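Secondary and tertiary structure notes
Residue-level listing of the chains:
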Amino acid sequence: MSSAQQPAPPRPTSRDVARAAGVSQATVSLVLGDKWRGRVSAATAERVRGTARDLGYRPNLAARSLRLGRTRTALLVVPALTNEFFARVYTGAAAVAAEHDFGVVLYPSPDGTGPARDPFASARAALDGVIASSMAADALGALRGADLPLVMLDSDPEDHGAAARVNLDIADGMRQVAAHLLGLGHRRIVHLASAVDTWTFAVRARALREAVRDVPGAALLTVASPLDVRAGREVAETVLASSGPPPTAIVCDDDILAAGACKAVRRRGLRVPEDISVTGFDDLALATAVEPELTTVRLPAEQVGERGMRALLDVLAGRPAAHHDLAVGLVVRGSTAPPPAA
């Protein structure tokens, strides 16, 4: 004999919370919308939040979106989610978004590296704003015509099309690399640069060039490589096979390229760092997976995402967004040492 299935209990409403907490629905809305300060006492606010938790109340975000005229959704445009750095940026942005009942929609480049294509044609109507790292110029043009707030990450501060900006002190990171290698005594340096044409890699090249330029006896050779291990190895092998004195240090724009450079050194029968020092940039998990572990520049990727999302929330709320660079730091490991004696 089968028993009838019990209906699910009704979902708690704000009216239920108000009745249980002994306050009005307006007070519940103020407290759960985080707009209670100056209007409701802290004790009442805590009682409302506790009652909502006890009842298992969750705001109806769809209804709230209709009232606010917003979808509470941000688009995060990144060059490649397969790159650990951008996955960590997403983690930071999503954590802050969740605190404010926002969602984050990802738009990685279909090509994996390089600028992301224009994602706005079909999505702009469902978005409150955009956080973008590396974007095609036509995508930016489409966005500016769509009247959506734009927060740029790690981008040219001279581009004034963004409502807010979160940058890393990339130049200082490369200066730290140069000071470390020059302090060890290196004078023949190769820059294994990313072939991706973006502001952040241009800044790295310029900072390294300026750091080496005025050091007596120092020489810098820059070669470009696609951003993957195999390409980095092949380009580094070509440099190491050329005539003339070999470099004593290879400075790489990314840990991925540094892994390729280390393979190239070993394939030439040389050792890292006894014969050639190698440095990376980013401090990905890869940096401690290779042997020797990489000397590299640690970038606070999650903090970039967090600051980007907070900046977008500030813009949407009409508050001024802070513009300042996040500090980066050199992490010295086993891939660098003084150059071999002449």
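Looking at an unreviewed UniProt entry, one finds the chain named LacI family DNA-binding transcriptional regulator and attributed to Streptomyces atroolivaceus.

Points about the nonpolar core
Nonpolar side chains in soluble globular proteins tend to end up buried together. Ranked by size, the top nonpolar core spans 47 residues in total, and within it Phe85, Leu153, Leu168, Leu299 and Met309 carry the most contacts. When contributions to this core are tallied by element, the ones reaching two or more residues are strand 1 (73-78), helix 5 (84-99), strand 4 (150-153), strand 5 (164-168), helix 8 (170-184), helix 9 (199-213), strand 8 (249-252) and helix 13 (301-316). Here this core spans two domains, since at least three of its residues come from each of domain 2 (71-169 + 301-326) and domain 3 (170-299). Setting aside residues up to four positions removed in sequence, Leu299 forms contacts with Phe85, Arg88, Leu168, Ile170, Phe281, Asp282 and Val328. Grouped together as the second largest cluster of nonpolar side chains are 25 residues, Val190, Phe201, Ala261 and Ala264 included.

A few points about the side chain of Thr279
Here Thr279 is to be found in strand 9 (residues 277-279). Not counting chain neighbours up to four residues away, the residues in contact with Thr279 comprise Val177, Leu181, Ile250, Val251, Cys252, Ala258, Thr295 and Thr336.

What about unusual backbone geometry?
Keep in mind that most residues, glycine aside, have a negative phi and that most peptide bonds are trans. Here the amide bond leading from Val272 into Pro273 is cis, since omega sits at 5 degrees, within 30 degrees of zero. One can find Pro273 in the loop between helix 11 (255-267) and strand 9. Across the junction of Glu291 and Pro292, the peptide omega takes the value 0 degrees, indicating a cis bond. With respect to the helices and strands, the residue Pro292 is situated in the loop between helix 12 (286-289) and strand 10 (296-298). In this model, Asp282 sits at a positive phi of 125 degrees, which is unusual for a non-glycine residue. Here Asp282 lies in the loop between strand 9 and helix 12. In this structure, Asp283 is a non-glycine residue whose phi angle is positive, near 60 degrees. Within the secondary structure layout, Asp283 lies in the loop between strand 9 and helix 12.

Details of the pairing of strand 7 (residues 219-225)
When strand 6 (residues 188-194) meets strand 7, the two strands line up parallel, connected through seven bridges. Across the sheet, the residue bridging to Ile189 is Leu220, located in strand 7. Viewed along the sheet, the connection from strand 6 through helix 9 into strand 7 turns out right-handed.

Focus: the packing of aromatic side chains
The tally for this structure, following the rule as stated, stands at one aromatic pair. Consider the rings of Phe85 and Phe86, whose centres lie 5.1 Å apart with planes at 85 degrees: the pair is edge-to-face.

Things to note about the pairing of strand 5
Within strand 5, five of the five residues are buried, leaving the element largely enclosed by the surrounding structure. In strand 5, alternate side chains face the same way, and those of Ala164, Val166 and Leu168 on one face and Arg165 and Asn167 on the other are all buried. Across three bridges, the pairing between strand 4 and strand 5 is parallel. Its bridge partner lying in strand 5, Met152 is registered against Arg165. Both strand 5 and strand 11 (residues 325-326) contribute to a ladder of two bridges, which runs parallel. Within strand 11, the position partnered with Asn167 by the bridge is Asp325.

Section: the pattern of salt bridges
Applying the stated criterion across every chain yields a total of 13 salt bridges. Asp16 is the partner of Arg19 in a salt bridge, and the nearest nitrogen-oxygen pair spans 3.3 Å. One end of the pair, Arg19, and the other, Asp16, are both in helix 1 (residues 14-21), three residues apart, so they sit about a helical turn from each other. Relative accessible area serves as the criterion here: at 30%, Asp16 is assigned to the partly exposed category. Linking Arg230 and Glu234 is a salt bridge whose minimum nitrogen-to-oxygen distance equals 3.2 Å. Of this pair, Arg230 and Glu234 both sit in helix 10 (residues 229-241), four residues apart, which is roughly one turn of that helix. Judged by relative accessible area, which is 58%, Arg230 ranks as exposed. Members of the salt-bridge network, linked through shared partners, are Asp283, Glu293, Arg298 and Arg333.

A closer look at the sheet that holds strand 8
Strand order in the open sheet formed by four strands is 7-6-8-9, with parallel pairing between adjacent strands. Strand pairing shows two members of the sheet lacking a second neighbour, strand 7 and strand 9, which therefore form its edges. The mean inter-strand angle of the sheet, taken between neighbouring strand axes irrespective of direction, is 20 degrees.

A closer look at helix 11
With 13 residues, helix 11 should reach 18 Å at 1.5 Å per residue; the first-to-last C-alpha distance of 19 Å fits that figure. Burial analysis of helix 11 places 10 of its 13 residues in the buried class, the great majority of the element. Considered for burial, the residues of helix 11 that qualify are Asp255, Ile256, Leu257, Ala258, Ala259, Gly260, Ala261, Cys262, Ala264 and Val265. Capping of helix 11 at its N-terminal end is provided by Asp254; its side-chain oxygen lies 2.6 Å from the backbone amide nitrogen of Ile256. Within two residues after helix 11, Gly269 carries a phi angle of roughly 80 degrees, on the positive side.

What counts as what
- Residues numbered from 1 in each chain as written.
- Predicted model: local features only at pLDDT ≥ 70, side-chain atom pairs only at ≥ 80, totals over all residues.
- Heavy atoms only, no water.
- Core = buried A, V, L, I, M, F, W, Y, C linked by side-chain atoms within 4.5 Å.
- Buried < 20%, exposed > 50% of the residue type's maximum accessible area, 1.4 Å probe, protein only.
- Helix = DSSP H or I, 4+ residues; strand = E, 2+ residues; numbered from the N terminus.
- Domains from an automatic or database assignment.
- Contact = heavy atoms within 4.5 Å.
- Pairing = 2+ DSSP bridges.
- Right-handed = clockwise from strand over helix to strand, strands pointing away.
- Phe/Tyr/Trp six-rings, centres within 6.5 Å; stacked < 30°, edge-to-face > 60°.
- Salt bridge = Lys/Arg side-chain N within 4 Å of Asp/Glu carboxyl O.
- Axes fitted to C-alpha atoms, helices over the stretch in contact; angles between N-to-C directions.
- Expected span 1.5 Å × (residues − 1).
- Polar contact = N/O pair within 3.5 Å; in protein donor to acceptor, adjacent residues only side chain to side chain.

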